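Structure at a glance
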Amino acid sequence: MVERVARLRAPNPSAMTLDGTNTWLLASRTGEAICIDPGPAIPAHVEHIVAYLRENALVLRAIALTHGHPDHVPAAPLLAAATGAKIYAHRFSAAPHDANLDDNEELRVGDLRLVAIDAPGHTLEHLVFYERESATLFTGDTILGTGTVVIAPPGGAMRPYQATLRRLRADFGDARAICCGHGPIVTDARAKIEEYIEHRERREAELLAALGAGAQTIPDLVERIYRDADLRLWAAAARQMLAYLLALEEEHRVTARRLERAMTAREQAILNPDWVNVVGAEHAPLVEAELGAQLRLDTIYEYSLSRR
Ligand SMILES: [Zn+2]
């Protein structure tokens, strides 16, 4: 199906990365290659990529980054040093890179034609790629093979994310496959994008219905909407709720009122968990990056539907 695309999975499985980060290698007919998301700086993973290139007689020309999270980019300088490939990223990317890729810009390597698509949402500096020859979409953390994506402020934003999904449906719904940042290859691109769009709409409707039943804090909303999930997911869910609420506030559909009291321990555990305790020291930095933990939620707000 995507015969010129290979997946090398990084050995970094976790709740955030599913079975590990997918590193994608695209081979041209002339023996040149592009690597999308070289992954974490795990030496064995970098060696695996280099060995794959050598065994398949491929010369790596370009390393393309979907976004700057620590499970996607730290191997890039190592792989660049080992191969001489240039690193390409979004113009807002803080990751070291040699060249920016703008929206609709095409990176050509042999007969590979990799188009960059500005895809804000999961982060502001997220790129999705579309390879024209194989009609394959590479979505990074914008669409995953299983489950849903974390949209957490301050890096993540809900309305830009939804606009990105709608654009992907309109322009790339006919892609032959989606190669995601984590999880299996998706062969029905349009159905997967639809599913993602509907999931976000459904969650927002649940949130609005909960607010319709009376003012609520984020921990209240999480307990109501994500009743069955465990505490780790509740903390992620809290950040998703925040992303919706920020959008709804900006649209004057929801009003926030600051509560003049200290947070309870339960609220603290949902809004600002001690990640080292919850997921362990090894996984905490990635979870903190993915969930925007640098944004401490130190005041508790009560949200209600705006009166029109
Ligand atoms: Zn990410």
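Every value quoted in this text rests on a predicted model; they were computed, and no experiment measured them. (Residues numbered from 1 in each chain as written. Predicted model: local features only at pLDDT ≥ 70, side-chain atom pairs only at ≥ 80, totals over all residues.)

1. Let's talk about the overall build of the protein
Applied cut-off: Comment: elements are numbered from the N terminus, with helices defined as DSSP H or I runs of at least four residues and strands as E runs of at least two. Radius of gyration: C-alpha atoms only; globule rule: 2.2 Å multiplied by the number of residues to the exponent 0.38. With C-beta atoms placed from the backbone, a contact is any residue pair whose C-beta atoms sit within 7 Å.
The helix and strand tally for the protein stands at nine helices and 13 strands. In terms of C-alpha radius of gyration, the protein reaches 20 Å, essentially the compact-globule figure of 19 Å for 308 residues. C-alpha atoms of the protein, sized along the principal axes, occupy 65 × 40 × 30 Å. In the protein, 64% of the contacts between residues at least 6 apart in sequence involve partners at least 24 apart.

2. Quick look at helix H5 (residues 218-225)
What counts, and what does not: With C-beta atoms placed from the backbone, a residue is buried if 20 or more other C-beta atoms are within 10 Å of its own, exposed if 12 or fewer are, and partly exposed between those counts. The arc under discussion is defined with respect to the helix axis, by the directions toward the C-beta atoms.
Buried residues of H5: Ile-218, Pro-219, Leu-221 and Val-222, and no others. In a view along the axis of H5, the buried residues occupy a sector of 160°, so they form one face of it. Residues of H5 that are buried sit in contact with helix H4 (189-212), helix H6 (231-250) and helix H7 (265-271).

3. Digging into the domain arrangement of the protein
Interfaces are frequently sized by the accessible area removed from exposure as the parts join. This is how it is decided: All the domain ranges listed were derived from an automatic or database domain assignment.
Domain boundaries in the protein define domain 1 (5-198) and domain 2 (213-305). Summarising the inter-unit geometry, the C-alpha centres of domain 1 and domain 2 are found 29 Å apart. In this assembly, 16 residues from domain 1 lie in contact with 19 residues from domain 2.

4. Quick notes on the packing of H4 against H5
We count it as follows: A fitted line through C-alpha atoms serves as each axis, taken over the contacting stretch for helices, and the angle formed by two N-to-C directions is quoted from 0 to 180°. Here is the rule for handedness: rotate from the far helix to the near one, and if that takes an anticlockwise turn smaller than a right angle the crossing is left-handed, while a clockwise turn gives right-handed. Note that Gly is not counted as nonpolar here; it falls among the polar residues with everything else outside the nonpolar set of Ala, Val, Leu, Ile, Met, Phe, Trp, Tyr, Cys and Pro and the charged set of Asp, Glu, Lys and Arg.
At a closest axis distance of 10 Å, the pairing of H4 and H5 adopts a crossing angle of 115°. Crossing geometry of H4 relative to H5 is assigned as right-handed. Residue-level inspection shows Glu-206, Leu-207 and Ala-210 of H4 in contact with H5, the latter providing Leu-221, Arg-224 and Ile-225. Tallied by class, residues from the contact of H4 with H5 come to four nonpolar, no polar and two charged.

5. Remarks on the pairing of strand E3 (residues 32-36)
How we decide: When DSSP finds two or more bridges between a pair of strands, those strands are recorded as paired.
For E3, a buried count of four out of five residues is recorded, marking the element as mostly surrounded by other parts of the structure. Alignment of strand E2 (residues 22-27) against E3, held across four bridges, turns out to be antiparallel. Across the sheet, the residue bridging to Leu-26 is Ile-34, located in E3. Linking E2 to E3, which pair antiparallel, is a turn of four residues; within it Gly-31 sits at a positive phi near 85°. With five bridges connecting them, E3 and strand E4 (residues 59-64) associate as parallel partners. Bridge assignment links Ala-33 to a residue of E4, and that residue is Leu-60.

6. With respect to the nonpolar core
For soluble globular proteins, nonpolar side chains are generally found buried alongside one another. Test applied: The term nonpolar core refers to a set of buried Ala, Val, Leu, Ile, Met, Phe, Trp, Tyr and Cys residues connected through C-beta atoms within 7 Å.
Membership of the largest hydrophobic core comes to 84 residues, with the highest contact counts inside it found for Ile-34, Cys-35, Ile-63, Phe-129 and Met-241. Residue contributions to this core peak at 11 residues, all from H6. Composition of this core by domain shows at least three residues from each of domain 1 (5-198) and domain 2 (213-305). Non-local contacts of Phe-129, meaning those with residues more than four positions away in its chain, are made with Ile-36, Ala-64, Leu-114, Val-115, Ala-116, Ile-117 and Phe-138.

7. Notes on the sheet that holds strand E10 (residues 136-140)
An order of E7-E8-E9-E10-E11 is seen for the five strands of this open sheet, with the pairing classed as mixed. For this open sheet the edge positions go to strand E7 (106-109) and strand E11 (177-180), each flanked by a neighbour on one side alone. Averaged over neighbouring strand pairs, the angle between their axes works out to 25° when direction is ignored. In this sheet, strand E9 (residues 127-131) lies alongside strand E8 (residues 112-118) in antiparallel orientation, the contact comprising five bridges. Bridged to Asp-118 within E9 is Leu-127.

8. Things to note about the sheet that holds E2
An order of E1-E2-E3-E4-E5-E6 is seen for the six strands of this open sheet, with the pairing classed as mixed. At either end of the open sheet lies a strand with only one pairing partner, and these are strand E1 (5-9) and strand E6 (99-100). Relative to E6, strand E5 (residues 86-89) is paired through two bridges, and the arrangement is parallel. Looking at E6, one finds that Ala-89 is bridged to Asn-100. The strands touched by helix H1 (residues 43-55) are E1, E2, E3 and E4; relative to E1, the strand with the most contacts, the crossing angle is about 150°. Against the sheet, helix H2 (residues 76-83) touches E3, E4 and E5, its axis set at about 160° to E4.

9. Observations regarding the packing of H5 against H6
With their axes 9 Å apart at the nearest point, H5 and H6 run at an angle of 115° to one another. For the pair H5 and H6, the crossing hand works out as right-handed. Between H5 and H6, the contacting residues are Ile-218, Pro-219, Leu-221 and Val-222 on the first element and Trp-234, Ala-237, Ala-238, Met-241 and Leu-242 on the second.

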